[in-house]
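# Inside the fold
Spelled out from the first residue to the last, the chains are:
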Amino acid sequence: MESFRSLTVTQRDQILVEQQAFDIFKTFYNLPPSSQSFMLELQRENHVEYLTKGLTGLGPSFCVLDANRPWICYWILHSIALLDEFVDPELEDNTIDFLSRCQGPNGGYAGGPGQMPHLATTYAAVNSLVTLGGDKALSSINREKLYMFLRQMKDASGGFRMHDGGEIDVRACYTAISVASLLNILDDELVQNVGNYILSCQTYEGGISGEPGSEAHGGYTFCGLATMILINEVDRLDLSSLTDWVVFRQGVEGGFQGRTNKLVDGCYSFWQGGIFALLKRLNSTKRVKPIPLGDGEGSGEESPQTTASSDAAGEEGLNEDLSLGGSHSEIGDQHNTSSQVNVIDIDHNHSKGHANVEPLFNSLALQQYILLCSQELNGGLRDKPGKSRDHYHTCYCLSGLSVCQRSWLEDEDSPPLPRAVLGPYSNLLEPIHPLYNVVLDRYWGAHEFFTKS
Amino acid sequence: MDSREDDGGEPLSRMAEWRDVTPLPQDDGPNPVVPIAYKEEFRETMDYFRAIYKADERSPRALRLTRRAIHLNPGNYTVWHFRRLVLEALNADLDEELDFLQRIANSNSKNYQLWHHRRWVVDRLGANARAKELNLIKKILSIDAKNYHAWSHRQWVLQALGGWEDELDYCQQLLEEDIFNNSAWNQRYFVVTRSPYLGGLKAMRASEVRYTVEAILANPNNECPWRYLQGLYKDDIKALVNDPEISSVCLKPCHEFRDSVVALRTSDTDPLGPDLSMAICDILEHVDSLRASYWIWRKNKLSVAAV
């Protein structure tokens, strides 16, 4: 065993975090059962209080998020929805009004009233309105103008710019495509070459980077994979190497790291954990896909990294058929060899019943990390012990927890077995749609609204 | 660290220079949500910025105002964007702009807008800015050797402006400091595959394999070199499988299991028969129990493929 001083920075940092996590676990295991039950309880009331407070007032230090206010709305509203709680109708109206003031005259949503529209804040605003649900919220979105904004952000490379003159990266692709898909305005113009851009961002490690050449990263991998699924080009990715990479991002603490040899962070419970929710669907519906050798692995696709060219993390520091339920018929058609996948298609004609799958990641270990290391008993969740709670981590830790609880289910709608839920069954959160990260029944509400109009 | 030497934080409303401007308050509406309790200096600065932005005034005082706003909230991309418009309109000295960015770099090293702005400036300055830029990035990486923005920026500089000659050495140096630094390994891959001076992946493979194997043997529990090794053989799985150096390095660290694995080889010409692979999955299911369900899934896929 080397002396502490001869360890590298990576090793030192990792040991410190591991020790903190293990101290927590050790303390936990030595508690009497009743105290253990308490520790594993999701502090619903305290979380809701923390979240609602943020919706109505934020301190001066939040001025550094003054260009991200739709994000704060989304983090809070989505978390509240996951907890199956509701927001005062008055606050709902105020939110719709506020977001309308963030909506630009030429489409898209900005970080605040009077600012330039930005893809990430557009994503956050749309997701917030979808989460609120109802005609008033959904009709407040100017879809025609938003489509024009997306077209303007489209770059020749196939990617999207975050804003006028802004940076191009995989996050921008995801936020644009996700919004277009949700609002049923996805078309060939928006989709063309996006797949090529994302493909060029899959690295030798198997994960996806923000820009071609950069390091494989959980946030960008989620964004890249989700986008490829939405544009129906997911089989162009090397899914087996992607799976192998993400599986190894789960650490001994139970939580996920964003990159190889970096530290665990609660927010990756969703960015990395959510990837498994997406893969689960791909692996099960792949039955109708023609199989060359294995499941499309080594299918001869040019590797993106060697064909040269052909941007906090989630942190504050993201053909009409493709968009929504268009392919309902495909799943039931056994002769369909197209790889068209609508990930969340619940085919009620297939009597899968309560079919179960084994998650490819360790769901209970992740839940243990979230509940014991990320949860603050006073409300809110955080990156890791020693860090402060914030709305962003609250949102993504809870989103990850929801994914974990349903990771054994093939059918997102069925209730999980008690053994799938760590702690009391009352810890159960609402299911999400893993492509968009909005609560599933809010997704259906939006789907219905935007396919009608 | 205050770089607001131009106006020292004095209220704009009391400055003669701004007398002709009517500040524009934020249109938050009567009952905003997520309202921020702005400090007076912040509110005032942004009120004046909104006025200037709406009027599209691209003047020296507008430039100074954007600097002030950036200090208060470096995440305001609208302010950065407008600053670029003003810099262009004024045909400003971009070297000075780089100096300004340098001064605020350390406290904003993870800010998307700052790095994007840097890219814009350097793009206009061209090859002359290269050395200074690569140097600055080195400084940032010496504080945090994994800063994602810094690495992306570095890759952009190399591709846009060159400077590849010393990059492999730089990776080497970082890896000597911390062999677990995955960003440095990623950069190494970037250089080896894209540097116009090195001849490409195939040409570099032999020497890179030697380097990587050494790294594996020194720290077999370091995931980086293992993945890097696979990367070196991308699209050429047969070469990876047939390289005896590789298989011996794979077996070296697993003393306990080596004999059982070797015993399972059915023949030399088919070292990766399905039985062996499945046996390995069985072993991994127990040795790497965190990923037990993954290894079971892998094993099941093998039996499907074998049928």
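Notes on the structure in this doc start here. Everything numeric in this text was worked out from a predicted model, so none of it was measured. (Residues numbered from 1 in each chain as written. Chains lettered and ligands numbered in written order. Predicted model: local features only at pLDDT ≥ 70, side-chain atom pairs only at ≥ 80, totals over all residues. Heavy atoms only, no water.)

## Some details on the side chain of Ser195 of chain B
- Residue placement: Ser195 of chain B occurs in the loop between helix H9 (182-194) and helix H10 (201-218).
- Setting aside chain neighbours within four positions, we find Ser195 of chain B in contact with Trp164 and Phe190 of chain B. (Helix = DSSP H or I, 4+ residues; strand = E, 2+ residues; numbered from the N terminus. Contact = heavy atoms within 4.5 Å.)

## Brief notes about the packing of aromatic side chains
- A complete count under the given rule lists 37 aromatic pairs over all chains for this structure.
- Centroid distance Trp71 of chain A to Tyr123 of chain A: 5.7 Å. Interplanar angle 50°. Geometry classified as tilted. You can see Trp71 of chain A sitting in helix H4 (residues 69-82) and its partner Tyr123 of chain A sitting in helix H6 (residues 119-132), a full 52 residues away along the chain. Taken as a pair, Trp71 of chain A and Tyr123 of chain A share a single burial class, namely buried.
- Each ring, one from Phe270 of chain A and one from Tyr396 of chain A, has its centre 5.7 Å from the other, and the planes form 40°; the classification is tilted.
- Following the ring pairs from residue to residue traces out a cluster consisting of Trp71, Tyr74, Trp75, Tyr123, Tyr174, Phe222, Phe270, Trp271, Tyr392 and Tyr396 of chain A.
- One Lys or Arg, Arg171 of chain A, reaches over the ring of Tyr112 of chain B and ends 3.9 Å from the middle of that ring.
- Over the ring of Tyr211 of chain B we find Arg188 of chain B; its NZ or CZ atom is 3.8 Å from the centre of that ring. (Phe/Tyr/Trp six-rings, centres within 6.5 Å; stacked < 30°, edge-to-face > 60°. Buried < 20%, exposed > 50% of the residue type's maximum accessible area, 1.4 Å probe, protein only. Lys NZ or Arg CZ within 6 Å of the ring centre and 35° of its normal.)

## Some remarks on the nonpolar core
- Phe160, Leu225 and Tyr396 of chain A are the most contacted members of the largest nonpolar core, which has 212 residues in total.
- The element that contributes the greatest number of residues to this core is H4 of chain A, accounting for 10 residues.
- In terms of domain composition, this core takes at least three residues from each of domain 1 (10-92) and domain 2 (255-306) of chain B.
- Among all residues touching Tyr396 of chain A, those that are not within four sequence positions of it are Trp71, Tyr74, Trp75, Gly266, Cys267, Ser269, Phe270, Trp271 and Asn437 of chain A. (Core = buried A, V, L, I, M, F, W, Y, C linked by side-chain atoms within 4.5 Å. Domains from an automatic or database assignment.)

## Side note on unusual backbone geometry
Residues and elements named next belong to chain A.
- The backbone of Asn184 shows a phi angle near 60°, a positive value even though the residue is not glycine.
- In this fold, Asn184 is placed in the loop between helix H9 (170-182) and helix H10 (188-191).
- At Asn193, a residue that is not glycine, the phi angle is positive and equals roughly 70°.
- With respect to the helices and strands, the residue Asn193 is situated in the loop between H10 and helix H11 (194-199).

## A word on helix H6 (residues 130-143) of chain B
- When the terminal C-alpha atoms of H6 of chain B are compared, their 21 Å separation across 14 residues agrees well with the 20 Å that a helix rising 1.5 Å per residue should span.
- Where the residues of H6 of chain B are buried, they touch helix H4 (94-105), helix H5 (112-125), helix H7 (148-161) and helix H8 (167-177) of chain B. (Expected span 1.5 Å × (residues − 1).)

## Looking at the packing of H8 of chain B against H9 of chain B
Residues and elements named next belong to chain B.
- In the contact formed by H8 and H9, the axes pass within 9 Å of each other and the chain directions differ by 160°. When the axis of H8 is compared with that of H9, the two are roughly antiparallel. In this structure, the crossing between H8 and H9 has a hand that is left-handed. Contact with H8, carried on its side by Glu167, Leu168, Cys171, Gln172, Leu174 and Leu175, involves Ala184, Trp185, Gln187, Arg188, Val191 and Val192 of H9 and no other residues of that element.
- Here the contact of H8 with H9 is built from residues that sort into eight nonpolar, two polar and two charged. (Axes fitted to C-alpha atoms, helices over the stretch in contact; angles between N-to-C directions. Parallel < 35°, antiparallel > 145°, perpendicular 65-115°, else oblique. Left-handed = near helix turned anticlockwise from the far one by under 90°. Nonpolar A, V, L, I, M, F, W, Y, C, P; charged D, E, K, R; others polar.)

## Considerations on the environment of Cys102 of chain A
Residue and element names in this part refer to chain A.
- Note that Cys102 resides in helix H5 (residues 89-102).
- Along the backbone, Cys102 and Ala125 are 23 residues apart, and their C-alpha atoms lie at a distance of 8.5 Å.
- With sequence-adjacent residues up to four places away left out, Cys102 is seen in contact with Pro70, Gly108, Tyr109, Ala110, Gly112 and Pro113.

What is shown is where atoms sit, not what they do.
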